[in-house]
Structures are given as structure tokens and as C-alpha cells.
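This is what each chain is made of:
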Amino acid sequence: MPHLDVRRLAAVDMYGSAGSPVRRRVILVEFVVGVVGCVALGLWAAHGGGPVRTALGGYLALVGLNYVPLALHALTLSRRGALERELAGVDVPAELRHYTPRQLWLFVPLLPVVLAARQARRR
């Protein structure tokens, strides 16, 4: 399993390089649209198509589910002061370098969901 803390990924992505309030809202919207858009597009593509279209649609829907834990974390981190508390004492530029390439794990169906569930049990 890759080392990917889903909550930290959401926090670092929301903060970015400057921590602007606009970026926080944009990333929250991105995660929510990722859930709704990918799942809807996946279900639409899988409906009534051939085997390739069905497989692609299923893949898209499962990738859309990967955004659920990110969106939930982003919602909790959107509360006043929550993001700052989450990243207190963290070297954000180093975390950005660490997590930017690891965002590719979002394309592995259900991996972030499984990791987020395991990490939630540990907290």
C-alpha cells in the first residue's frame, strides 16, 4: 500500500502554497464535483453501452468514489481554524512536494476510500 494520508492530502491541497481562502473553496468544489461528476459520467457511460463503454463507465464511477473521503475531509477542514490546526508545525512546501505526485493514486479505483477508512479507524 502506498503511504498516502488522505486527510493530509486534502489539507495540503486546500492550503496550496499560500493558503488563500479562495483556493480552499475551489478545492472543496473540485472534490465535490469530482464525486458527482465522475460518478454521474461513469453511470451514464456504463448504461446501455458495450463492454468497453461499460468497463470505462464503471472505472469512472469508482474513481469518482475516491473523491468522497477528500470531499468529507475538505468539509471538516473548511471550518474556521481547522486547516491551520491540521497543518500546524507542518513544512507545507515539503508536503506539497510529497503529495503532488501521489495524487495519481486517485486514479486507482477505491484505493483512497480504503486508505481513508483505515486511517479513520486509527484516529
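Along each chain, residues carry numbers from 1 onward, in the same order as the chain's sequence is written. Only residues with pLDDT of at least 70 get local features here, since the model is predicted, and only at 80 or more are side-chain atom pairs given and counted; chain-wide, interface and lining totals rely on the full set of residues. Excluding hydrogens and water, the side-chain values take into account all heavy atoms of the structure.

Notes on the nonpolar core
Part 1 of the reasoning: Counting 25 residues, the largest nonpolar core has Phe31, Tyr67 and Leu70 as its most contacted members.
Part 2 of the reasoning: In contact with phenylalanine 31, not counting residues within four places along its chain, are Ala10, Asp13, Tyr67, Leu70, Ala71 and Ala74. Here, nonpolar core refers to any group of buried Ala, Val, Leu, Ile, Met, Phe, Trp, Tyr and Cys residues whose side-chain atoms link them within 4.5 Å. Accessibility here uses a 1.4 Å probe with only protein chains present; expressed as a share of the type maximum, an area under 20% marks a residue as buried, one over 50% as exposed, and anything in between as partly exposed. The contact criterion used throughout is that any non-hydrogen atoms of two residues lie within 4.5 Å.

Quick notes on the side chain of glutamate 95
Part 1 of the reasoning: Looking at where glutamate 95 falls in the secondary structure, it is placed in helix α5 (residues 92–102).
Part 2 of the reasoning: Once you skip the residues sitting within four places of it in the chain, glutamate 95 turns out to touch Arg8, Val12 and Val90. Under the scheme used here, helices are H or I runs from DSSP no shorter than 4 residues and strands are E runs no shorter than 2 residues, and both carry numbers assigned from the N terminus.

Some thoughts on the packing of aromatic side chains
Part 1 of the reasoning: Note on aromatic contacts: the rings of Phe and Tyr and the six-membered ring of Trp form a pair at centre separations within 6.5 Å, being stacked when their planes are under 30 degrees apart, edge-to-face when over 60 apart, and tilted otherwise. As enumerated under the stated definition, the model contains one aromatic pair in all.
Part 2 of the reasoning: By definition here, charges over rings are those cases where NZ of Lys or CZ of Arg is within 6 Å of the ring centre and within 35 degrees of the ring normal. The residue whose ring lies beneath arginine 53 is tryptophan 44, and the NZ or CZ to ring-centre distance is 4.7 Å.

So, helix α6 (residues 111–122)
Part 1 of the reasoning: Expected helix span is given by 1.5 Å per residue-to-residue step, counting one fewer step than there are residues. End to end, α6 covers 17 Å across 12 residues, agreeing with the expected 16 Å (1.5 Å per residue, within 8%).
Part 2 of the reasoning: Listing the buried residues of α6 in full gives Leu111, Pro112, Leu115, Ala116 and Gln119. One face of α6 carries all of its buried residues, which in axial projection span an arc of 125°. Opposite the packed face of α6, turned more than 90 degrees from it, sit the exposed residues Ala120 and Arg121.
Part 3 of the reasoning: At its buried positions, α6 is contacted by α1 (6–15) and α3 (51–77). To obtain the arc, one takes the directions from the helix axis to the C-beta atoms.

Overview of the environment of arginine 118
Part 1 of the reasoning: Inspection of the secondary structure puts arginine 118 in helix α6.
Part 2 of the reasoning: The spatial distance from the C-alpha of arginine 118 to the C-alpha of arginine 85 is 22 Å, given a sequence separation of 33 residues.

Thoughts on α1
Part 1 of the reasoning: With nine of its 10 residues buried, α1 lies for the most part within the structure.
Part 2 of the reasoning: Taken residue by residue, α1 has Val6, Arg7, Arg8, Leu9, Ala10, Ala11, Val12, Asp13 and Met14 as its buried positions.
Part 3 of the reasoning: Looking at the buried positions of α1, the neighbouring elements they touch are α2 (21–46), α3, α4 (82–86), α5 and α6.
Part 4 of the reasoning: The backbone nitrogen of arginine 7 lies 3.1 Å from a side-chain oxygen of the residue at the head of α1, namely aspartate 5.
Part 5 of the reasoning: After α1 finishes, the residue glycine 16 shows a positive phi value of roughly 65°. Any pair of N or O atoms that falls within 3.5 Å is considered a polar contact. Within protein, one atom must be able to donate a hydrogen and the other to accept it, and sequence-neighbouring residues count only if both atoms are side-chain atoms.

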